[in-house]
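Take a look at the letters that make up each chain.
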Amino acid sequence: MTLLDVSDGFDVHDYRTKLKLVKQDRGTMYLENRESCRCPACERPFERLFVSEKRDVTFNSAPNGPICLVRTDDQLLVLTH
């Protein structure tokens, strides 16, 4: 299982065969984990990944399980388990 490397930021293209793009708009991406990639915060496999370059984000519904937050210089990553 691959651990997402965020030591020098996060580039979705490094994981394009492992993550499926579900939705994208200006400054945000919503991805599904297809290959059991591991979370950079807790090192467990995650289900979904939300990536945002925006300063603030509002979610309309809460996930059913635990979440991890990871901050790079330019992005916020929200991983649901």
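Scope of this entry: the structure provided in the associated data block.

Reading the values: the criteria
Going along each chain's sequence as written, the residues are numbered from 1 onward. Restriction of local features to residues with pLDDT of at least 70 applies here, the model being predicted, together with a cutoff of 80 or more for giving and counting side-chain atom pairs; totals for whole chains, interfaces and linings are based on all residues. As a convention, hydrogens and water are excluded, and side-chain values are obtained from all of the structure's heavy atoms. Only strands joined by at least two bridges in the DSSP assignment are considered to pair. Secondary structure elements follow DSSP: runs of H or I no shorter than four residues count as helices, runs of E no shorter than two count as strands, and numbering proceeds from the N terminus. Axes here refer to lines fitted to C-alpha atoms; in helices the fit is confined to the stretch in contact. Angles between the N-to-C directions go from 0 to 180 degrees. Per-residue accessibility, obtained with a 1.4 Å probe over protein chains only, is compared with the maximum for each type, and a residue is labelled buried under 20%, exposed over 50%, and partly exposed between these values. Throughout this description, the term salt bridge denotes a Lys or Arg side-chain nitrogen within 4 Å of a carboxyl oxygen of Asp or Glu. Only protein atoms enter the 1 Å grid used here, on which a cavity is any set of points holding a 1.4 Å probe that cannot leave and a pocket is any open set flanked by protein within 12 Å on both sides along at least five of seven lines; residues with an atom within 4 Å of a point are listed as lining. Grid points are joined across faces, edges and corners, and a volume is the space filled by probe spheres set on the points. Note on residue classes: Ala, Val, Leu, Ile, Met, Phe, Trp, Tyr, Cys and Pro are nonpolar, Asp, Glu, Lys and Arg are charged, and everything else, Gly too, is polar. Counting of polar contacts relies on pairs of N or O atoms within 3.5 Å, with two restrictions inside protein: one atom must be capable of donating a hydrogen and the other of accepting it, and residues adjacent in sequence are counted only when both atoms are side-chain atoms.

Strand order in this open sheet of five strands is β1-β2-β3-β5-β4, and the pairing throughout is antiparallel. Looking at which strands have only one partner, the edges of the open sheet turn out to be β1 (19-25) and β4 (67-71). Taken over all neighbouring pairs, the strand axes of this sheet differ in orientation by 20° on average, direction set aside.

A separate point is the pairing of strand β3 (residues 48-52). When a strand is regular, its side chains alternate between the sheet's two faces. Most of β3 is tucked away, with four of its five residues classed as buried. Relative to strand β5 (residues 76-80), β3 runs antiparallel, the two being bridged by five bridges. Bridging from a neighbouring strand, S52 pairs with L76 of β5.

Here the focus is the pattern of salt bridges. For the structure shown, the criterion picks out three salt bridges. A salt bridge links R34 to E32; the nearest nitrogen and oxygen atoms lie 2.9 Å apart. Residue class for R34 comes out partly exposed when judged on its relative accessible area of 47%. The partner of R38 in a salt bridge is E43, and the shortest N-O contact between them spans 3.9 Å. On the basis of relative accessible area, R38 is assigned to the partly exposed category, the value being 21%. Ionic contacts of the salt-bridge type, sharing partners, join the residues E32, R34 and R48 into one network.

Of the pockets and cavities examined, the largest pocket occupies roughly 600 Å³. Considering the residues around the largest pocket, the lining is formed by 25 residues, among which Y30, F50, F59, N60 and S61 are closest to the centre. In terms of residue count, the dominant contributor to the lining of the largest pocket is β3 (four residues). Considered class by class, the residues forming the lining of the largest pocket number 10 nonpolar, 10 polar and five charged.

Quick look at the side chain of N33 now. Turning to its location among the elements, N33 is positioned in strand β2 (residues 28-33). N33 gets classed as buried once you look at its relative accessible area, which sits at 12%. Here the side chain of N33 touches C37 through a polar contact of 2.9 Å, landing on its backbone oxygen. Within polar-contact distance, the side chain of N33 engages the backbone oxygen of F46 at 2.8 Å.

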